[in-house]
Amino acid sequence: MQLVRQKDQMMAQGAHRSRRTLGAALAVAALASAATACSGSAEPERTAPAPAAGQQAQGAAGALDAYVERVRAQRAARVLAAKKWGLAKPPLEAPAPPAVKPRITTRKGFETDGEGLPPVFTTVPTKQKVVFLTIDDGAEKDPELLRMMSELRIPYSAFLSDYVVKDDYGYFAKMQKSQKSGVSLHNHTLNHRYLPALSYSTQKREICGMQDVIEKRFGKRPPLFRPPYGNYNEDTLRAAQSCGVKAVPLWAAEAFPDHMEWREWDRDLHPGDIVLTHFRGKEDWKGSMADMIRRVMNVITSKGYAVAKLEDYV
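Note that the structure is predicted; figures quoted are calculated from it, not measured.

Undergrad: How should a nonpolar patch on the surface be read in this particular structure?
TA: Where nonpolar side chains cluster on the molecular surface, the patch consists of Leu64, Tyr67 and Val68 and spans about 290 Å² of accessible area. Relative to the helices and strands, Tyr67 is located in helix α2 (residues 53-84). The exposure class assigned to Tyr67 is partly exposed, which follows from its relative accessible area of 46%.

Structure representation (C-alpha cells):
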C-alpha cells in the first residue's frame, strides 16, 4: 500500500513538473509569436522545426537566470563605483520610463501672450520618484566627470553654449557616447546673452545658430532649449520654435559643490523636478565637477529619488 502511495506521489509530482514545463513553453511560444507579429512580416519565416516544449522551458529559464545575474552584477558594480567616487550611498535605480510621455505644459506664471509655443516648465508631470540632472554651458571640460558619470551610470543632459565649447568639440562628442543610452546635447545659445534685451532676429540668430552647430558637430538637431539665466520673452519662444525646438526646460533646484539652491518654498525635491548645475571647476566655485556630483547625488539619494533620463519623459 505504501508503494502505491509513493508511486501516486511520484506521478503527481511528474504531472506538476510537466504543467510547469508546458506553461513555460507556452509563455516562450507566446513571446515568439508576438515578436513575429511585431516584425511586420506577412509570411511566416521558414526555419528549422521549433524545439520541444522542455527545451523551450529550459531556454526561458536560462534567459531569466542570465538577466538576474546581469542585474546583480550591475548593482554590485554601482556599489563599488559609489565607494570609489566617495558617495554616501549608491545611486538608486530609476524605474522604467513611461510607455507614453507625459503631456508637458507651461508652468503657471511662466506664460507669454503667444499661443502654441514651446512649453516652459521646471518639473515634469510624473508620480515616479525621479528627478532629472542637467548641466549648462560647457566651460569646464573635466575628463573625470565623464568617467564618474559612466561608472555610476547616472543619466544627464547637457545644454551647450558655443562660445565656451568651440575650443574642444571633441570633449562633448566623447560625452555624447560615454554612456550606453547616450548623453543628449541641447541648445543654450551661441553666446549666452540676455535674450529679452535682443531683437527677434538677433535672438533667432543666437538660438537657431546653435541648433546648426549642434547638428553639424554632433549629428542631431536638439529638441530642447534653455535660455541663458532662465530669461526669455515671446520672441525667444517664437524664434526657438522656428528652428525645431519643442520644449524649454528650466529648473526647480540648482546644485553647487558646497550647497543646493531651491526654487520652491519648501526647499525640497519633488517628483519630476529638473536639477540644474554647470560645467565649472575650482576656478569658479568651491570644488570640482566630481565634488558637485557627490553633493547633488548625496542629496538626491538621501531623499529617496533616482535620476532618470530627461529625454525619456519629454
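Alright, that's what it looks like, and here's the rest.
Undergrad: Teacher, can you tell me more about the environment of Lys101 here?
TA: For Lys101, the position within the fold is in the loop between α2 and β1 (120-121). Relative accessible area serves as the criterion here: at 45%, Lys101 is assigned to the partly exposed category. Each C-alpha atom of the pair Lys101 and Thr126 lies 9.5 Å from the other, and the pair is 25 residues apart in sequence. With sequence-adjacent residues up to four places away left out, Lys101 is seen in contact with Glu311, Asp312, Tyr313 and Val314. A distance of 3.0 Å separates a polar atom in the side chain of Lys101 from the backbone oxygen of Glu311. One polar contact links the side chain of Lys101 to the main-chain carbonyl oxygen of Val314, over a distance of 3.2 Å.

Undergrad: Hey, could you run me through the pairing of strand β2 (residues 130-137) in this one?
TA: On any regular strand, side chains alternate: one points to one face of the sheet, the next to the other face. The element β2 is extensively covered by neighbouring structure, given that 8 of its 8 residues are classed as buried. Strand direction decides the pairing type here: β2 and strand β9 (residues 306-307), joined by 2 bridges, are parallel. Note on β9: the bridge partner recorded for Val131 is Val307. In this sheet, strand β8 (residues 274-278) lies alongside β2 in parallel orientation, the contact comprising 5 bridges. Along β8, the bridge assignment pairs Ile135 with Thr277. With helix α3 (residues 143-152) bridging β2 and its parallel neighbour strand β3 (residues 157-160), the resulting β-α-β unit is right-handed.

Undergrad: Would you mind showing me how to read unusual backbone geometry here?
TA: Negative phi is the rule for most residues except glycine; trans is the rule for most peptide bonds. At Asp137, a residue that is not glycine, the phi angle is positive and equals roughly 80°. Along the chain, Asp137 falls in strand β2. Positioned with a positive phi, Arg267 is a non-glycine residue whose angle comes to about 50°. Owing to a relative accessible area of 53%, Arg267 belongs among the exposed residues under this scheme.

Undergrad: I keep staring at the side chain of Glu206 and nothing clicks. Help me out?
TA: As for its placement among the helices and strands, Glu206 is situated in helix α6 (residues 200-218). Nearest to the buried, unbridged Glu206 among oppositely charged side chains is Arg193, at 4.3 Å. The contacts of Glu206, once residues within four sequence positions are left out, are Thr189, Leu190, Asn191, His192, Arg193, Leu195 and Leu198.

Undergrad: Is there a simple way to explain helix α7 (residues 234-242) in this structure?
TA: The α-helix advances 3.6 residues per turn, and as a result positions three or four apart in sequence lie on the same side. Within α7, burial applies to Thr236, Leu237, Ala239 and Ala240. Down the axis of α7, the buried set is contained in an arc of 165°. They therefore lie on one face. As for α7, its buried residues are in contact with β1, α6 and β5 (248-249). The residue sitting at the N-terminus of α7 and contributing the capping side-chain oxygen is Asn233; that oxygen lies 3.1 Å from the backbone nitrogen of Asp235. In the stretch just after α7, Gly244 is the one whose phi turns positive, near 100°.

Analysis parameters
- Residues numbered from 1 in each chain as written.
- Predicted model: local features only at pLDDT ≥ 70, side-chain atom pairs only at ≥ 80, totals over all residues.
- Heavy atoms only, no water.
- Patch = residues over 30% accessible without salt bridge, like charges linked within 9 Å, V, L, I, M, F, W, Y side chains within 5 Å.
- Areas by Shrake-Rupley, 256 points an atom, 1.4 Å probe, with all protein chains shown as cover.
- Salt bridge = Lys/Arg side-chain N within 4 Å of Asp/Glu carboxyl O.
- Helix = DSSP H or I, 4+ residues; strand = E, 2+ residues; numbered from the N terminus.
- Buried < 20%, exposed > 50% of the residue type's maximum accessible area, 1.4 Å probe, protein only.
- Contact = heavy atoms within 4.5 Å.
- Polar contact = N/O pair within 3.5 Å; in protein donor to acceptor, adjacent residues only side chain to side chain.
- Pairing = 2+ DSSP bridges.
- Right-handed = clockwise from strand over helix to strand, strands pointing away.
- Lys, Arg positive; Asp, Glu negative; His and termini not counted.
- Arc of directions from axis to C-beta.

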